[in-house]
Amino acid sequence: MTGLISRALARRAVHAPKGENSDDGTPKAPRESTRRLWRDLSPLLRLLIVTQCAFNIGFFAVLPFLAEHLGTAIGMAGWLVGFVLGLRTFSQQGLFVVGGSLVDRYGVRPVVLAGCVLRIAGFAWLGFAEASWTVIGAVLVIGFAAALFSPAVESEVARQAVVWEEEGHGSRTRLLALFSVAGQAGAFVGPLLGALLLAVDFRTACLAGAAVFVLVLAGHLWLMPQHIPGRVRVRQRGGARLLLRNRRFLALCCAYGTYLLAYNQLYLALPDEVQRATGSQAPLSWLFALSSVLVVFAQLPITRWAGDRFDLRRSMAAGLLLIASGFAVVAAARPAGWTGAAGLLPAAGFVVLLTLGQMLVVPAARAWVPDLAEEGRIGLYMGALSSVSGLIVLAGSAATGSLLDTGLPAAVPWLVLAAVPALAVTLLPRRKERARGAGATA
């Protein structure tokens with residue numbers, strides 16, 4: 001799998017420029033190809049990046065088809081299906097901060113292994129669950145498994161990215177972008193695998209997802225070191241209190257939360273727009289595929305381009321403004337009332353601009369966390385970034401749903417949604433000069 005992913009990620013960057021001059025006339029180092037970037041990574045970083053891809057393959061082989069299974073095979077009412085899906089989100093996103101705290105206290109390896117074991121058990125349980133209470137139990141286990149696994153992996157990749165940058169390999173955002181690409185590749189392959197397995201039945205898809213996590217568990221048991229150099233476990237309490245006083249970090253969480261709220265419109269506002277334009281939601285799968293393909297093939301070149309021009313704050317600001325412009329495109333087109341293929345063009349423009357904004361925001365936000373976190377608390381802070389942002393999405397999604405149902409002029413909800421990420425630019429913490437260069441400034 002490692003070789004396959006590295007070859008796929010290298011296709012767009014094989015022909016790097018031989019060299020160029022910086023603003024003061026001195027030669028810049030030649031830009032590394034993605035293949036060279038992959039070769040320069042430590043075995044630990046390769047493990048974490050590949051397992052992020054595998055994690056998403058296993059996850060997305062099952063979860064996109066859960067609602068249909070609950071409604072048809074289990075026979076749950078619509079409100080109960082929504083409740084179960086909400087529980088899964090809460091047990092995952094809402095508890096990231098718990099997983100991050102456990103990583104700081106006990107280290108990466110035991111938390112990752114525990115997450116893998118719980119995910120295997122949860123998927124196996126879900127495959128055989130036939131009553132509502134058993135489904136709810138399985139879904140809670142699946143969600144909490146990710147609340148352990150993801151903060152552990154993400155915080156260690158972020159910490160390793162800082163070390164990688166300080167050793168002179170380049171901007172940390174390039175490494176974090178590679179991590180995002182691996183995750184998106186898994187999110188693209190997973191539903192395809194799940195769709196094939198559903199030709200047998202849902203249980204087969206669940207057991208296949210569990211099998212993927214068995215492989216992830218085996219890989220970490222074999223390759224993950226007992227102690228990672230430079231990682232210090234924090235025994236004393238009080239980290240949450242310090243976090244709540246960290247205004248700069250909380251401001252970053254709020255700005256990042258507006259991005260997640262905007263991204264959530266792929267599942268809330270976009271389906272309504274596609275239904276209006278075509279009378280069907282079938283084109284949604286193509287728009288989702290468009291987003292995934294853009295990330296897989298354009299993330300690294302865009303991150304390299306942005307790293308040459310922007311610090312972390314400006315990268316996030318540019319990304320949020322691109323996202324705002326995506327909503328504005330649909331708002332501008334709604335009065336025309338286009339339908340059919342022409343009616344899909346604003347939706348496609350929204351997806352492209354949202355995805356371009358995502359490619360700037362996500363690596364920059366993850367790269368910024370180590371600069372704002374207390375010493376030894378990177379797991380807590382990385383988990384809190386997701387948990388606080390998740391709460392914003394939870395509240396914002398309810399408001400968005402109400403906005404879409406108010407009967408206002410067609411363009412108004414999209415204009416309001418455009419204003420949210422645009423205004424979030426003002427929330428971004430002000431930049432502080434650091435010795436690490438533009439890519440590492442906070």
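Remember, it's a predicted structure, so these values are computed and weren't measured experimentally. (Residues numbered from 1 in each chain as written. Predicted model: local features only at pLDDT ≥ 70, side-chain atom pairs only at ≥ 80, totals over all residues. Heavy atoms only, no water.)

**Notes on the overall build of the protein**
No. 1: Along the backbone of the protein there are 18 helices and zero strands.
No. 2: Counting only residues that meet the buried cut, the protein has 53% of its 442 residues in that class.
No. 3: Within the protein, contacts between residues at least 6 apart in sequence are counted, and of these 82% link residues at least 24 apart.
No. 4: Carbon together with sulfur atoms contributes 64% to the accessible area of the protein, which is approximately 19100 Å² in total. (Helix = DSSP H or I, 4+ residues; strand = E, 2+ residues; numbered from the N terminus. Buried < 20%, exposed > 50% of the residue type's maximum accessible area, 1.4 Å probe, protein only. Contact = heavy atoms within 4.5 Å. Areas by Shrake-Rupley, 256 points an atom, 1.4 Å probe, with all protein chains shown as cover.)

**Some remarks on the packing of aromatic side chains**
No. 1: Evaluation of the coordinates by the stated rule reveals eleven aromatic pairs.
No. 2: Taken together, a centroid distance of 4.7 Å and an interplanar angle of 65° make the contact between Phe249 and Tyr381 edge-to-face. Of the two residues, Phe249 is situated in helix α12 (residues 247–264) and Tyr381 in helix α17 (residues 378–404); the sequence distance between them amounts to 132 residues. For the pair Phe249 and Tyr381, a shared accessibility class is recorded, and that class is buried.
No. 3: A cation over an aromatic ring shows up here: Arg119 above the ring of Phe123, its NZ or CZ 5.4 Å from the ring centre. (Phe/Tyr/Trp six-rings, centres within 6.5 Å; stacked < 30°, edge-to-face > 60°. Lys NZ or Arg CZ within 6 Å of the ring centre and 35° of its normal.)

**Structural notes on the pattern of salt bridges**
No. 1: Scanning the model with the defined rule gives seven salt bridges in all.
No. 2: Arg366 serves as the salt-bridge partner of Glu154, at 3.7 Å between the closest nitrogen and oxygen. Taken together, the residues Glu154 in helix α8 (residues 132–166) and Arg366 in helix α16 (residues 340–372) connect sequence positions 212 residues apart.
No. 3: For Arg366, a relative accessible area of 13% translates into the label buried. (Salt bridge = Lys/Arg side-chain N within 4 Å of Asp/Glu carboxyl O.)

**Some points on the confidence of the model for the protein**
No. 1: Of all residues in the protein, 87% attain a pLDDT of 70 or more, and the chain-wide mean is 83.
No. 2: Considering only residues more than four positions removed or in separate chains, one finds that residues 433–442, a stretch of pLDDT under 50, has 32 contacts. (pLDDT = per-residue confidence, 0-100.)

**Description of the nonpolar core**
No. 1: By size, the foremost hydrophobic cluster in this structure holds 118 residues, and its most contacted members are Leu41, Leu126, Val135, Phe249, Tyr259, Leu270 and Phe350.
No. 2: In contact with Phe350, other than residues within four places in its own chain, are Ala262, Gln265, Leu266, Leu270, Gly326, Phe327, Val330 and Trp414. (Core = buried A, V, L, I, M, F, W, Y, C linked by side-chain atoms within 4.5 Å.)

**Looking at helix α13 (residues 269–278)**
No. 1: Taken together, the buried positions of α13 are occupied by Ala269, Leu270, Pro271, Glu273, Val274 and Ala277.
No. 2: Contacts made by the buried residues of α13 are with α14 (284–309), α15 (312–333), α16, α17 and α18 (411–424).
No. 3: One or two positions beyond α13, positive phi appears at Gly279, with a value near 75°.

**Focus on the environment of Leu217**
No. 1: For Leu217, the position within the fold is in helix α10 (residues 202–223).
No. 2: The buried category is assigned to Leu217, whose relative accessible area is 17%.
No. 3: Leaving out residues up to four positions away in the same chain, Leu217 has contacts with Leu113, Cys116, Val117 and Ile120.

**A look at the packing of α12 against α18**
When two helices pack together, their arrangement is given by the angle between the helix axes and by the axis-to-axis distance.
No. 1: Here α12 crosses α18 at 155°, and the two axes come no closer than 9 Å. Classified by the interaxial angle, the pair formed by α12 and α18 is roughly antiparallel. Regarding α12 and α18, the two cross each other, and that crossing is left-handed. Within the contact between the two elements, α12 uses Ala255, Thr258 and Leu261 and α18 uses Val420, Pro421 and Ala424.
No. 2: Considering only residue class, the contact of α12 with α18 consists of five nonpolar, one polar and no charged. (Axes fitted to C-alpha atoms, helices over the stretch in contact; angles between N-to-C directions. Parallel < 35°, antiparallel > 145°, perpendicular 65-115°, else oblique. Left-handed = near helix turned anticlockwise from the far one by under 90°. Nonpolar A, V, L, I, M, F, W, Y, C, P; charged D, E, K, R; others polar.)

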